[in-house]
Amino acid sequence: MFNPPGGERREFLRGVVGKYLNALAKRAEDRVVRQRFSRPPGALSEMTFLATCTRCGACTDVCPPHAIRKAPTESGLAAGTPFIDPTLQPCTVCAEMPCVAACPTGALVMPVEGWTGYRLNLVELVPERCITFHGSTCGVCAQACPVGPTALEMDADGHPVLKAEGCVGCGVCVRACVTAPSSFTIRSLEA
């Protein structure tokens, strides 16, 4: 058995206990952060958001399309925090971001350039699902996009063209798409 002298023993124990506590904290943080939610516009980084948000519901009350919901009680530390499920009701990209203005704690902060360059989620087109690649005409996704042609438009062949540089990841196209499953996928930026 390893038995260092007095002062070395304390340092050894501090090192062992310190490593154990760091590993424990890392596992707890991983559990919290692995539980991804699509947050309202202007949300701080997940851990900072969880610590700053008071779960007051001010942002949910002012959301025009009622896209912002509260995380259920089984969500652990995230319970009661605002999130958006674009498959139920996507964000409609309000120019003035009333949810940010309503936040009393700063958990939601107005992006410097508003929606320009801002991303809620990542959206991708799955061409093999899209009916326009199978001979049918459509365009519902481009018509529904609240950002417009800078994010999503139809090309000369009648196929949707998703433009990553203009897409904010709101999910309106995912919900509007006529195929099942949708020809668009959406995922968290941090997933």
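Figured I'd write up the structure that's included with this text. (Residues numbered from 1 in each chain as written. Predicted model: local features only at pLDDT ≥ 70, side-chain atom pairs only at ≥ 80, totals over all residues. Heavy atoms only, no water.)

**Section: the pattern of salt bridges**
Inspection of the entire model under this criterion finds three salt bridges. Of the charged contacts, one joins Arg187 and Glu124 as a salt bridge, the two residues approaching to 3.6 Å between their closest N and O atoms. Placement of the pair is Arg187 in strand β6 (residues 184-188) and Glu124 in strand β3 (residues 121-125), with a sequence separation of 63 residues. Given a relative accessible area of 40%, Glu124 falls into the partly exposed group. For Lys163, the salt bridge is made with Glu153, and the minimal N-O distance between the two is 2.5 Å. Note that Lys163 is positioned in the loop between β5 (160-162) and α6 (172-176) and Glu153 in strand β4 (residues 152-154), a separation of ten residues in sequence. With relative accessibility at 31%, the residue Glu153 sits in the partly exposed group. (Salt bridge = Lys/Arg side-chain N within 4 Å of Asp/Glu carboxyl O. Helix = DSSP H or I, 4+ residues; strand = E, 2+ residues; numbered from the N terminus. Buried < 20%, exposed > 50% of the residue type's maximum accessible area, 1.4 Å probe, protein only.)

**Quick look at the nonpolar core**
The nonpolar side chains of a soluble globular protein tend to be buried, and buried together. Ile68, Cys91, Cys99, Leu108, Trp115, Leu120 and Cys170 are the most contacted members of the largest nonpolar core, which totals 21 residues. Not counting residues within four places of it along the chain, the set of residues in contact with Cys99 comprises Pro40, Pro41, Cys59, Val62, Ile68 and Leu108. (Core = buried A, V, L, I, M, F, W, Y, C linked by side-chain atoms within 4.5 Å. Contact = heavy atoms within 4.5 Å.)

**Things to note about the packing of aromatic side chains**
Under the criterion given, the structure shown has two aromatic pairs. Look at Phe37 and Phe83: their rings are 5.1 Å apart centre to centre, the planes differ by 55°, and that puts the pair in the tilted class. One end of the pair, Phe37, is in the loop between α1 (6-34) and α2 (46-52); the other, Phe83, is in strand β2 (residues 82-84), and 46 residues separate them in sequence. Using a relative accessible area of 15% as the deciding quantity, one classes Phe37 as buried. (Phe/Tyr/Trp six-rings, centres within 6.5 Å; stacked < 30°, edge-to-face > 60°.)

**Brief notes about the environment of Cys59**
Mapped onto the secondary structure, Cys59 falls in helix α3 (residues 58-62). Expressed as a C-alpha distance, the spacing of Cys59 and Pro82, which sit 23 residues apart in the sequence, is 7.5 Å. Look past the residues within four positions of Cys59 in its chain and what remains in contact with it is Ile68, Pro82, Cys99, Ala102 and Leu108.

**What about unusual backbone geometry?**
The step from Ala180 to Pro181 runs through a cis peptide bond, and the omega angle for that step is 0°. The phi torsion at His66 lies on the positive side, around 60°, for a residue other than glycine. Along the chain, His66 falls in the loop between α3 and β1 (68-70). Even without a glycine there, the phi angle at Met97 is positive, about 45°. The class for Met97 is buried, based on a relative accessible area of 1%.

**A look at the side chain of Thr60**
Along the chain, Thr60 turns up in helix α3. The class for Thr60 is buried, based on a relative accessible area of 16%. Apart from the residues within four sequence positions on either side, Thr60 is in contact with Ile68, Arg69 and Lys70.

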